[in-house]
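Structural overview
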Amino acid sequence: MATSHPRPRMLLADEQGQIYDDPELLMLCRKGTEWTLPRPDELIPLPEESELFLLPGRHAVGLDPDTGDTIQLDEYAVAAFIAPAHTLTGHPVYVTDEDAPTLPLFAYAAVGIIGEKLYVCAKKVDEDPRQVFTGIHQKKINKAAKELMAKFPENRLIQHLMSNCVLKYGCPAAKNLAIGRYEAPMPTSRVCNARCVGCISHKNEDSTICATPQDRLTFTPTSDELVEMMLHHMGNEPHPIYSFGQGCEGEPLTEAPLLIETVRKFRARGGTGTINLNSNASRPDAVAELADAGLSSLRVSMNSARPDVYARYYRPCGFSFDDVRRSITEAHARGVFVSLNLLYFPGITDCEEEIEALVELINTCGVSFIQLRNLNIDPELYLDLMEGISFGPSVGLVNFRKRLLKYCPELRFGYFNPFVGQGNEAEASADAPAPASASEDSPA
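Everything numeric here is computed off the predicted structure, so don't read it as measured data. (Residues numbered from 1 in each chain as written. Predicted model: local features only at pLDDT ≥ 70, side-chain atom pairs only at ≥ 80, totals over all residues. Heavy atoms only, no water.)

In this section: the nonpolar core. Grouped together as the largest cluster of nonpolar side chains are 95 residues, with contacts concentrated most on M162, M302, Y313, I328, F400 and L404. A total of seven residues in this core trace back to one element, the largest contributor, which is helix 9 (residues 352–366). In this structure, F400 is in contact with L342, Y344, T349, D350, I355, L358, L372 and V395, ignoring residues within four places of it in sequence. Formed by 18 residues, the second largest nonpolar core is a distinct cluster that contains L43, A79, Y108 and Y119. (Core = buried A, V, L, I, M, F, W, Y, C linked by side-chain atoms within 4.5 Å. Buried < 20%, exposed > 50% of the residue type's maximum accessible area, 1.4 Å probe, protein only. Helix = DSSP H or I, 4+ residues; strand = E, 2+ residues; numbered from the N terminus. Contact = heavy atoms within 4.5 Å.)

What follows deals with the pattern of salt bridges. Applying the stated criterion to the full structure yields 20 salt bridges. Across the pair D21 and R9 runs a salt bridge, and its minimum N-O distance is 2.9 Å. Linking D21 in strand 2 (residues 19–26) with R9 in strand 1 (residues 9–13), this pair joins segments that are 12 residues apart in sequence. Under the relative-accessibility criterion, D21 is labelled partly exposed at 26%. Taking the relative accessible area as the measure of exposure, R9 reaches 22% and is therefore partly exposed. (Salt bridge = Lys/Arg side-chain N within 4 Å of Asp/Glu carboxyl O.)

Take helix 5 (residues 256–268) next. Taking 1.5 Å per residue, 13 residues should reach 18 Å; helix 5 reaches 18 Å between its end C-alpha atoms and fits that length. When we look at burial in helix 5, the residues that qualify are A256, L258, L259, I260, T262, V263, F266 and R267. Those residues of helix 5 that are buried lie in contact with helix 4 (223–234), strand 14 (241–244), strand 15 (274–279) and helix 6 (284–293). (Expected span 1.5 Å × (residues − 1).)

Here it is, written out as structure tokens:
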């Protein structure tokens, strides 16, 4: 006999920021423009290292289980900003005041409570503990950062990553470099050739977002500085990854000659490991040259494989979605492991039109991996941005992955850049994560 799953009650917050639950009303979640109860397979216990946010100017809405009515309260809505390696399955439901400020650039997950335990609309999509620092005291990380600065006093990039990214912002990627593990960040670019609505390092003139969460790099490192840092990281991590393209910079392909020179120098000095490029993939010829120089993997950021949806968010300057497609094709043809940094938005990314376009891109251009990242943006701002574009019914994150696997059976899913060896096809197939199976997402 089937058993019913308990429904989470809604959370809300008062003007003093005190968060509590409503004993009568159920938690709702939002998928695109639809308000609904979360399905049991869309909920998980709130992961460690997550945070709760009060949403200013946004009044909490819950469901009366007796009448089926939605009830708006005077109190404020609450959302969760979930820990890395998790992808949202639903946004919180609320009614927004006319004068409410645009929300800062975070991903807002619907959150509720069952008994005494918090639950969130999300799924864990990667088991890699790369950005988990439980058990590593911040004092140890700070000490390692200062020691690295003392060891390389003339290397401006190391100084920037340690003093700014570790000691000021607590950037997970920079912290990993400090303690010698996983993936080393390599920002290079001060400018960008896109005007993303949700850019985290540059505030566009027409933006209503109050501030960006990061400051952009203020200098261009030399290839010698980059290679010196890569060789240092290679000496600490047995399976090193080095990544151009970070949150504190613009588009790394605007510095393509520097990247090509760096990759060639590093490989010529016996440099091993995965050299990765996080990019908008706007310059196909540069991507091809980087691949020939020794690039291992390419991660292409996109919110959609539909050109009109893509352009509304990225607002490209001097390139088109056709260039993005050609970059993927050029990289794949040269044995580079290609990932999509898919900025997932519940109710939009998982609709039929989006899935069809993704399947075509994956199978035509040669995509091996999808990183299911959250789109950090005010949900209503993004929906307003997409006004006038057709989005059919959504299938949810669980069925979204199943559908892609059905038509792209070799596709893999995750959250982080995988280690793929030097980048040739033999190493990539041996070292990359195994394909996800549809059964792993089956409801418990």
